[in-house]
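# Reading the structure
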Amino acid sequence: MADKQRTIAQAVTLTGKGLHTGAEVEVSILPAEVNTGIIFQRTDMDGQPKIEAVADNVIDTSRGTTIAVKNAKVSTIEHMMAALYSMGIDNALVQVNGPEMPIMDGSSKYFVEAIAKVGTVEQGAERNYLCIKEKMVYTDEKNNIEIIIYPDDKLSIDVMVDYNSRVLGHQYAKMNSIDEFPEQISPCRTFVFFHELEVLLKHNLIKGGDLENAIVVMEHKVPQEELDRIADLFNKPHIAVKPEGILNNLDLHFDNEPARHKLLDMVGDFALVGARIKGKIIAMRPGHKANTEFAKILRKHYKQERLKPVAPDYDPNKTPLMDVNQIMKILPHRPPFLLIDKILYMDGTTVVGMKNVTMNEAFFVGHFPDEPVMPGVLQVEAMAQTGGILVLNTVPDPENYLTYFLKIDQVRFKRKVVPGDTILFKCFLNEPIRRGIANMTGQAFVGDQLVMEGILMAQITKVKE
């Protein structure tokens, strides 16, 4: 059974302070259509601009991951992205009324719990995966960072961190499966070293920081009056340092909570690839910059892989989704201009049709009868009819609609199609159908070989009431 895309079952809303601005922020997670991906929307800006949550849109990683399109940006998205990815959400609209996400307690816990409360729903399209087929490496020699990804049948992550810290020491965290994330990773809070606090504040950052949303690590003994001075800068109550070097009275959820939080950040940052990852990641001293730079490389690889045509599976013993009689109930075409025999597969974004090419086709009478070749224009028409089934399937009464060509582009013929060939036509939407206009990529295969491809644009129009 195909693994389907999912979205959140119903909208949820959370409120909290932005870590750096200190402003009260409201964020809502809403359901979205298949192949939407994760979209952030700034509801406080004119036009409510949207930003696709992909690595290509990352503009800053200094104290969190920031994405932007033009003058619209959203900061500190990694904890939300990790929650969405771990809960299996492929498509969602995240509306926020400020320039950064609420920090909550410095982890993904509250986002995960909000999603779990309402649940998720399966959608009609297959999930998009980046399947790692060979080892890939990212290195930053200056900062002694290395991230490696190996082929595997699921996502797993091993993280090793070392900040030359007497308190933290050398830490290691592991996630064998994304199923472990809600319980083992999501509660792990961000951390900061005490000596960084005043510098960050002077740079107009961490205005929303307090002792409930970060672990403050004390490397060296600091006089109580210095602790009080820093507390006053943050307008926080005076507090003493714990013997092990943690500045406040919180208890660590895990001995290696800082390393687990780095793993949490990696899940969120690698979610910006825009597809679910099948691969084993091993990371040494990762950070947002390294994570997102490697995510950009993986996203580029993913887009290249998607462009490589792969022939659909075809089992002649399997009952088709539609036979020719069922096809004629949807399409207005009739022989000899009905050019597909079966529909083998269809979901919300993809359809696969089939045609058996035989010598007794009407067009062979006059088209190279001594050297019969199926005309290229009829191959395009057969592909369009296949795509038409997909488009018409989006309305409740397809028999009352027609699809009309608006554009045919980038059509390429790779080899001739002759009697005896079985052609499989695969069409998939390049973007959701908007205002009745469908933009599709079509591919035609004989066996494993691509014989024709192109981009089709069509409009669906109601012709009967």
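We now turn to the structure provided with this report. (Residues numbered from 1 in each chain as written. Predicted model: local features only at pLDDT ≥ 70, side-chain atom pairs only at ≥ 80, totals over all residues. Heavy atoms only, no water.)

### Description of the overall build of the chain
Along the chain, the regular secondary structure elements total 9 helices and 24 strands. Taken across its 465 residues, the chain has 52% of its residues classed as buried. (Helix = DSSP H or I, 4+ residues; strand = E, 2+ residues; numbered from the N terminus. Buried < 20%, exposed > 50% of the residue type's maximum accessible area, 1.4 Å probe, protein only.)

### Concerning the sheet that holds strand E4 (residues 38-42)
Taken together, 5 strands build an open sheet; the order of strands is E2-E3-E9-E4-E5 and the sheet is mixed. Across the chains shown, the open sheet's two edge strands, defined by having one partner strand only, are strand E2 (12-17) and strand E5 (50-52). In this sheet, adjacent strand axes meet at a mean angle of 20 degrees when their direction is disregarded. Pairing geometry for E4 and E5, over 3 bridges, is antiparallel. Bridge pairing in E5 places Gln41 opposite Lys50. (Pairing = 2+ DSSP bridges. Axes fitted to C-alpha atoms, helices over the stretch in contact; angles between N-to-C directions.)

### Quick notes on the pairing of strand E24 (residues 449-462)
Bridge count between strand E21 (residues 401-413) and E24: 10 bridges; the pairing is antiparallel. In the sheet register, Leu402 faces E24, and the bridge partner there is Thr461. One ladder, built from 10 bridges, connects strand E23 (residues 437-446) with E24; its direction is antiparallel. Looking at E24, one finds that Ala444 is bridged to Met452. Following E23, the chain reverses through 2 residues before pairing antiparallel with E24; Gly447 in that reversal takes a positive phi of roughly 65 degrees.

### Brief notes about the side chain of Asp140
When you line up the elements, Asp140 lands in strand E12 (residues 136-140). At 6.8 Å, Lys289 is the nearest oppositely charged side chain to Asp140, a buried residue that forms no salt bridge. Reaching out from Asp140, the side chain makes a polar contact with the backbone nitrogen of Lys142 at a distance of 3.3 Å. (Lys, Arg positive; Asp, Glu negative; His and termini not counted. Salt bridge = Lys/Arg side-chain N within 4 Å of Asp/Glu carboxyl O. Polar contact = N/O pair within 3.5 Å; in protein donor to acceptor, adjacent residues only side chain to side chain.)

### Let's talk about the packing of aromatic side chains
The tally for this structure, following the rule as stated, stands at 3 aromatic pairs. Seen in terms of ring centroids, Phe270 and Phe294 are 6.0 Å apart; in terms of plane orientation they differ by 90 degrees. Their pairing is edge-to-face. Of this pair, Phe270 sits in helix H6 (residues 257-270) while Phe294 sits in helix H7 (residues 288-307); the two residues are 24 residues apart in sequence, bridging distant segments of the chain. With respect to burial, Phe270 and Phe294 carry one shared label: buried. Cluster of aromatic residues (ring-pair linked, three or more members): Tyr138, Phe270 and Phe294. Across from the ring centre of Phe254, 3.8 Å away, lies the NZ or CZ of Arg260, which sits over that ring. (Phe/Tyr/Trp six-rings, centres within 6.5 Å; stacked < 30°, edge-to-face > 60°. Lys NZ or Arg CZ within 6 Å of the ring centre and 35° of its normal.)

### Brief notes about H6
Taking 1.5 Å of rise per residue, the 14 residues of H6 would be expected to cover 20 Å, and the 20 Å separating its terminal C-alpha atoms lies within 8% of that figure. The element H6 is largely enclosed, with a buried count of 14 among its 14 residues. (Expected span 1.5 Å × (residues − 1).)

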